[in-house]
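Coordinates in review
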Amino acid sequence: MEKPYHISDYYDSFKSQLVFSTSYLSLENYIADLAHYFRKTKYKGNVIIDLLLSNGKSRNRYIQIYFDGKNFDIEIAKSIRANKELQEKSLNYYAENSELLKDSVLNKAQTYLIKNKITI
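Residues numbered from 1 in each chain as written. Predicted model: local features only at pLDDT ≥ 70, side-chain atom pairs only at ≥ 80, totals over all residues. Heavy atoms only, no water.

Remarks on helix α4 (residues 108-115)
Note that an α-helix has 3.6 residues per turn; residues three or four places apart therefore point the same way. Just so we agree on the cut-off: Summary of the burial criterion: residues with accessible area below 20% of their type's maximum are buried, those above 50% are exposed, and those between are partly exposed, where the area comes from a 1.4 Å probe applied to protein chains only. Every helix listed is a DSSP run of H or I at least four residues long, and every strand listed is a run of E at least two residues long, numbered separately from the N terminus. Working note: the arc is built from the helix axis to C-beta atom directions. Two residues form a contact once any of their heavy atoms are found within 4.5 Å. Pairs of N or O atoms are called polar contacts if they sit within 3.5 Å, as long as, within protein, a hydrogen donor faces a hydrogen acceptor (for residues adjacent in sequence, only side-chain-to-side-chain pairs).
Three or more residues of α4 are buried, namely Gln110, Thr111 and Ile114. Buried residues of α4 fall within an arc of 100 degrees about the axis and therefore sit on the same side. Projecting away from the buried face of α4 at angles above 90 degrees are the exposed residues Lys108 and Tyr112. Buried-residue contacts for α4 involve α2 (52-55) and α3 (84-96). For α4, the side-chain oxygen to backbone nitrogen distance between the N-cap and Ala109 is 3.1 Å, and the N-cap itself is Asn107. With its phi angle positive at about 55 degrees, Lys117 sits one or two positions after the end of α4.

Below, the structure written as structure tokens:
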């Protein structure tokens, strides 16, 4: 089985790591795998997770969590509002990987818009 996420650098002011969900699974199903990956790579810093496939266009689509080098600090996890750059990066990722959209909570209209690189 492929990983339910894809990791990308995101060069915001914090040089965060950006994680795209690649399945409808909720974050609880793979957060331990993410922590293992970041420990292995010795990453320490902010992680932004785009939960489009499981949360759709909801206010908790983007989650920001700090990774301290060993674990995620869940206590200070928060949903964030995406800026234009983050929205475009997400839109491009999901438009280029549109096969991921078929197994998601998105409706047909939302899927169509993303495939055609139109923000939902």
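Still more to cover.
Considerations on the pattern of salt bridges
Using the following cut-off: For this analysis, a salt bridge means a side-chain nitrogen from Lys or Arg found within 4 Å of a carboxyl oxygen belonging to Asp or Glu.
Counted by the stated rule, this structure contains 2 salt bridges. Across the pair Asp50 and Arg61 runs a salt bridge, and its minimum N-O distance is 2.8 Å. On the criterion of sequence distance, the pair formed by Asp50 in strand β3 (residues 45-50) and Arg61 in the loop between α2 and β4 (62-67) is long-range, its members being 11 residues apart. Across the pair, exposure class does not vary: Asp50 and Arg61 are buried alike. The closest approach of N and O atoms between Lys102 and Asp103, which form a salt bridge, is 3.7 Å. Its relative accessible area of 64% is what places Lys102 among the exposed residues. Given the relative accessible area of 44%, Asp103 is considered partly exposed.

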